[in-house]
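Chain by chain, the residues:
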Amino acid sequence: LVDDLLDVTRISRGKVELQRTRLDVRDGVRKTCDDHHALLERSGIEMRLDLPFSPVWVDGDPTRMSQVLGNLLHNAAKFTDAGGRVVVEVSSRDGWAEIAVRDSGAGIEPDDVERMFEAFAQGEQNLARTAGGLGLGLALVKGLVELHGGTVRARSEGRGRGCEFLVSLPAAARGQE
Ligand code: ADP
């Protein structure tokens, strides 16, 4: 929590510098999903990873990108009941590398979706789930994605209908030679 708070503060002050390198999004996503697999399994949530055949190049900071996906997976686990499902999908589209995280969990009221990216914003749903969080995870995700020149959007059909988070990062032309 303190780390999140420090990171959000540092980003808002322009104090976070990315250590960028040319990387294949598939590698980082595979690794971060592996790291979170146990957490999801313990919660009785099934995880599926959907990767394209071709590399998806970006100029990204691997540690920060893993922090972004890690936060989204952490939330997906927190807001999805046992028996639910989380799908992570990587794709390329029109010069963008996209990472989608979809869960079958608690969902967000459509009117609240935008606000959830503000620091300290939390949904009104059950306290049991939000307890232990400060509402900083998505603010951090947004800050880090924007530092990469990307965008993050969320969509939900409403309470109980699951969520989708879509991270789009500018694609790089090809791997480093
Ligand atoms: P925290 O998880 O600490 O509350 P976040 O910034 O990560 O903070 O999330 C803000 C709020 O957005 C959460 O409290 C929750 O209401 C909503 N939220 C985030 N991710 C999800 C999700 N996958 N499903 C349902 N609600 C979510």
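Our structure's up above, just so we're on the same page.
Residues numbered from 1 in each chain as written. Predicted model: local features only at pLDDT ≥ 70, side-chain atom pairs only at ≥ 80, totals over all residues. Heavy atoms only, no water.

### Section: the pairing of strand β6 (residues 151–155)
Across the two faces of β6 the burial differs, with V152 and A154 buried and T151, R153 and R155 not buried at all. The pairing of β6 with strand β7 (residues 163–170) spans 5 bridges and is classified as antiparallel. Opposite A154, over in β7, you have F165 as the bridge partner. (Buried < 20%, exposed > 50% of the residue type's maximum accessible area, 1.4 Å probe, protein only. Helix = DSSP H or I, 4+ residues; strand = E, 2+ residues; numbered from the N terminus. Pairing = 2+ DSSP bridges.)

### Considerations on the environment of I108
Looking at the secondary structure, you find I108 in the loop between β5 (96–103) and α4 (127–130). Counting along the chain gives 16 residues from I108 to E124, while the straight-line C-alpha distance between them is 9.1 Å. In this structure I108 touches V113, M116, S156, G158, R159, C163 and F165, once residues within four positions along its chain are discounted. (Contact = heavy atoms within 4.5 Å.)

### Comments concerning the site of the ligand
What surrounds the ligand is a group of 21 residues, the closest being N75, K78, D103, Q122 and L138. One of the backbone N or O atoms of G123 is found 2.9 Å from an oxygen atom in the ligand. Within the backbone of L138, an N or O atom sits 2.8 Å from an oxygen atom of the ligand. For the ligand, the accessible surface in isolation is 530 Å², of which the surrounding protein chains cover 98%. Elements that contribute at least two residues to the shell around the ligand include exactly α3 (62–78), α5 (137–147) and β7. A total of 3 residues in the shell around the ligand trace back to one element, the largest contributor, which is α3. Its residues assigned to classes, the shell around the ligand shows 10 nonpolar, 9 polar and 2 charged. (Near = heavy atom within 4 Å. Polar contact = N/O pair within 3.5 Å; in protein donor to acceptor, adjacent residues only side chain to side chain. Areas by Shrake-Rupley, 256 points an atom, 1.4 Å probe, with all protein chains shown as cover. Nonpolar A, V, L, I, M, F, W, Y, C, P; charged D, E, K, R; others polar.)

### Considerations on the environment of L138
Relative to the assigned elements, L138 resides in helix α5. We classify L138 as buried; its relative accessible area is 10%. Taking C-alpha positions, L138 is 6.8 Å from M116, a pair spaced 22 residues apart along the chain. Once residues lying within four places of it in the same chain are set aside, the contact partners of L138 are L72, N75, M116, F117 and F165.

### Here's the deal with the pattern of salt bridges
A full pass over the atoms with the stated rule returns 15 salt bridges. Notably, a salt bridge pairs R64 with D7, separated by 3.4 Å at the nearest N-O pair. Placement of R64 in helix α3 and of D7 in helix α1 (residues 2–12) is noted, with a sequence separation of 57 residues between them. Each member of the pair R64 and D7 is classed as buried. Through salt bridges with shared partners, one network takes in E89, R102, R155 and E164. (Salt bridge = Lys/Arg side-chain N within 4 Å of Asp/Glu carboxyl O.)

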